[in-house]
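Coordinates in review
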Amino acid sequence: MRLLGPPVCSLVGVVTLLLPLWEVGCLELSAGSRLRPLRGPRGHEGALQRHKRSWVWNQFFVLEEYTGNDPLYVGKLHSDVDQGEGNIKYVLSGEGATSIFTIDENTGDIHATKRLDREEQAYYTLRAQAVDRATNRPVEPESEFIVKIQDINDNEPKFLDGPYTAGVPEMSPLGTSVVQVAATDADDPTYGNSARVVYSILHGQPYFSVEPKTGIIRTALPNMDRETRDQYVLVIQAKDMVGQMGGLSGTTSVTVTLTDVNDNPPRFSRKSYQYTVPETQPVGSVVVKIKAADADIGSNAEMDYRIMDGDGLGMFRVSTDKDTQEGVLTLQKPMDFETKASYSLRIEATNRHIDPQFLNLGPFSDTATVRVTVEDVDEPPVFSSPLSKMVVSEAAKVGTIIGTVSAHDPDASNSAIRYSIDRNTDLERFFNIDALTGVISTAKPLDREVNAVHNITIFAMESQDPTQVGKGIAVITVMDINDNAPVFAIEYETFLCENAKPGQVIQTISAVDKDEPPSGHRFFFALSAEAAGNLNFTLRDNKDNTASILTKRGGFRRQEQFLYRLPILILDSGSPSLSSTNTLSIRVCDCDPDGLAQSCSAEAYILPAGLSTGALIAILACVLTLLVLVLLIVTMRRRKKEPLILEDERDIRENIVRYDDEGGGEEDTEAFDMVALRNLNVIRDHKARRDVTPEVTSFFSSRPAYKTLPDNVIFREFIWDRLKEADVDPSAPPYDSLQTYAFEGSGSVAESLSSLESQSTDSDQNYDYLSDWGPRFKKLADLYGNTEGCNIFS
């Protein structure tokens, strides 16, 4: 079977490749894979059998992107068995068979029915076979061949990694490499120039250039300055066909940023700065901020500040703010306008990172003068010593001078100072201070055992401006004196066994003293004088601030004496020494063989013989019953002796209670017995007021008896007597007490308002007009409108 390709003249663009085929005519592919020349274009059987190259004998070439209206002829399939009688049928199979490639089963002509794209698929593998049309059996073995798509320049170059960004240091030398760009072309790189790309720069000159073959972008100008322009946008073109006319092209952008280098020194905008600061500026606070300008950025703009010289070296300190690169001037010591009114400093700013290649541009530092003027401020008084320590004995008398504080006005006016004590720190007013001299003295007796240290605040105030107040502290330590006698350390509970032996220690005692002598306590113990000669116990001073109580004898018995009281004298080592007598109670107990107390009660020995506990309880109950009866009898006899003027149900006590006064509290509420007024012949005994302690009694002892007074002045004198008692009594606290006895006195202008006392019937009032008011008032007119009606109530 032979494969006959299309005439070479019909293959546009492949003349060079297929020229050897033209010389030998069409290819004949036999079933035995022999390459034999067929009849050439001269019309004779060629005798040329040249083999210039190793041809790929089993492939057809088809031009891509064919745009004709008819199917594209690929080649012809022919078998030697086919004699042209129509008995042979040609069959095509493989990639694209029937869908892309078709074959004429009678003639063996192969056509491409679709537009082909080499970039999608570069070749197709097909299989051809000749079969008997009648039997459908192969007449020759199946042959395989390739249809290769011939490339044309139908794809432009593309920058797959674009757009690009790159950076290059400013001031770089000419030709410094910036970045390399690369474009790809989808056309066949092995055929022609369709995929051979060259590069050019369309926008970005004269600052940058690009190498045509490699795509490397380089600087085209030296010493480009970032501070002048820091960014460039380039347009790079890639064109195939080696850049010749008719080639396709693609473009991309390249953004080039000039990175900073330290090529600019810091510079102050002025050579001298002037600032005003109040003298009350706190130590450690920021006074001013200055900044040297640097056109560089980042680490190239970092700088350090230092004070080079001036008269404020010790007063101020300069540091760098890492965020703003400012020089921060802070105060190191307090300023005083009266001492120094201004300071002058020379400050230098230097770049922290200097590039040696730019040292020829000049020193990377600059200096400026900063003058700080101190502003005068009215300041409060200042104590010569903020903390004054003083010592006073607790035995100091009232008015004893303890010490003196001193303050002055720091301003030029030097105003006079007045002193006072902050009473919130001396609530009990133990101390006074002289307002003019600042001398502190005692105002009350001091007690170290109550408060050993007094911490008081002293105010110093300017006389001209009381709002200017300074504060100082006075720590007053109260020194101890021996003013407390020693006593037992605890309340001792001592037990003595009946079988105790002579010389046995029954108790060890110690003492405490509220005083605190500098050398420590030293106590001496002894039996008091009245107990020194007793025959039961003795005391031994252990010389270590303790003492032991020992028995002098044995054979103690509870029935004889179950409790002993031993007076013990304790003496301290103070000067003068103080002593106290403390009584130690010793109980006699029944103890077990180990010496542990079992019973210390003396009940069994006190009760009479044969009298049980139940009998004792019965006797006590009888005694209590007799006492209750006696009390009842005494109470009844007292009630019979009380004079009763009115019946109990008519004995009324009037109480007037006020709660809006600030007098004696509940003691101001008194109940007034009206019997005292009703029973005029009974002399009232003086009763002390409940809310005060009676101290003056001379006034009450000279009071006359009411029964000696005339009847018409008894009420008046009684009331006045009570008023004087409340007003004259000096021991009574101020309070308000309202007392009334419904007595108007003989001199009352209003006289009596009671209609019961009215005996007159000569009233001219006529009540007949009430009849005109209606039926409801007619009865009143009948009652009051005539004399008879009035006599009913008289």
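Reading the values: rules and limits
Residues numbered from 1 in each chain as written. Predicted model: local features only at pLDDT ≥ 70, side-chain atom pairs only at ≥ 80, totals over all residues. Heavy atoms only, no water. Helix = DSSP H or I, 4+ residues; strand = E, 2+ residues; numbered from the N terminus. Buried < 20%, exposed > 50% of the residue type's maximum accessible area, 1.4 Å probe, protein only. Contact = heavy atoms within 4.5 Å. Areas by Shrake-Rupley, 256 points an atom, 1.4 Å probe, with all protein chains shown as cover. Pairing = 2+ DSSP bridges. Axes fitted to C-alpha atoms, helices over the stretch in contact; angles between N-to-C directions. pLDDT = per-residue confidence, 0-100. Disulfide = S-S within 2.5 Å. Lys, Arg positive; Asp, Glu negative; His and termini not counted. Salt bridge = Lys/Arg side-chain N within 4 Å of Asp/Glu carboxyl O. Polar contact = N/O pair within 3.5 Å; in protein donor to acceptor, adjacent residues only side chain to side chain. Phe/Tyr/Trp six-rings, centres within 6.5 Å; stacked < 30°, edge-to-face > 60°. Lys NZ or Arg CZ within 6 Å of the ring centre and 35° of its normal.

Next up on the list: the overall build of the chain. In terms of helices and strands, the chain carries eight helices and 46 strands. Every one of the 794 residues in the chain was classed for burial, and the buried ones make up 34%. Restricting the contact set of the chain to residue pairs at least 6 apart, pairs at least 24 apart contribute 66%. Total accessible area on the chain stands at roughly 48,000 Å², and carbon and sulfur atoms take up 53% of it.

With mixed pairing, the four strands of this open sheet are ordered in space as β19-β26-β25-β22. The open sheet has two edge strands with one neighbour each: β19 (272-278) and β22 (303-310). The average undirected angle you get between the axes of adjacent strands in this sheet is 30°.

Attention shifts here to the confidence of the model for the chain. Of all residues in the chain, 73% have pLDDT values of 70 or greater, and the mean over the chain is 78. Between residues 666-672, whose pLDDT stays under 50, and residues either more than four places distant or in other chains, the model counts 25 contacts.

Turning our attention to the state of the cysteines. A complete count under the given rule lists two disulfides for this structure. A disulfide bridge connects Cys 497 with Cys 591, and the sulfur atoms are separated by 2.0 Å. Looking down the S-S bond of the Cys 497 and Cys 591 bridge, the torsion is -90°, so its handedness is left-handed. Separated by 94 residues along the polypeptide, Cys 497 in strand β37 (residues 494-497) and Cys 591 in strand β43 (residues 579-591) bring together distant segments of the chain. Covalent S-S linkage joins Cys 589 and Cys 600, the inter-sulfur distance amounting to 1.7 Å.

The three strands are arranged β20-β24-β23 in an open sheet whose pairing can be described as antiparallel. The strands lining the two open edges of the sheet, one partner per strand, are β20 (286-290) and β23 (316-320). Neighbouring strand axes in the sheet, compared pairwise and without regard to direction, differ in orientation by 25° on average.

Within the element layout of this structure, Asp 592 appears in the loop between β43 and β44 (597-599). No salt bridge is formed by the buried Asp 592. Its closest oppositely charged neighbour is Arg 558, at 13 Å. There is a polar contact of 2.7 Å between the side chain of Asp 592 and the backbone nitrogen of Leu 596.

The subject of this paragraph is the packing of aromatic side chains. Tallied over the entire structure, the rule returns 14 aromatic pairs. When the centroid spacing of 5.5 Å and the interplanar angle of 80° are considered together, the rings of Phe 316 and Tyr 343 count as edge-to-face. Within this pair, whereas Phe 316 is found in strand β23, its partner Tyr 343 is found in strand β25 (residues 342-351), the two being separated by 27 residues in sequence. Judged by relative accessible area, Phe 316 falls into the buried class, the value being 3%. Consider the rings of Phe 537 and Tyr 564, whose centres lie 5.4 Å apart with planes at 75°: the pair is edge-to-face. In this pair, Phe 537 sits in strand β40 (residues 537-541) while Tyr 564 sits in strand β42 (residues 563-571), placing the two residues 27 residues apart along the sequence. Assigned by exposure class, Phe 537 and Tyr 564 land together as buried. The structure contains a cluster of three or more aromatic residues connected by ring pairs, namely Phe 268, Tyr 273, Tyr 275 and Tyr 305. Positioned above the aromatic ring of Tyr 343 is the side chain of Lys 340, whose terminal nitrogen or guanidinium carbon lies 5.4 Å from the ring centre. When the ring centre of Phe 556 is taken as origin, the NZ or CZ atom of Arg 553, which lies over that ring, is 3.9 Å away.

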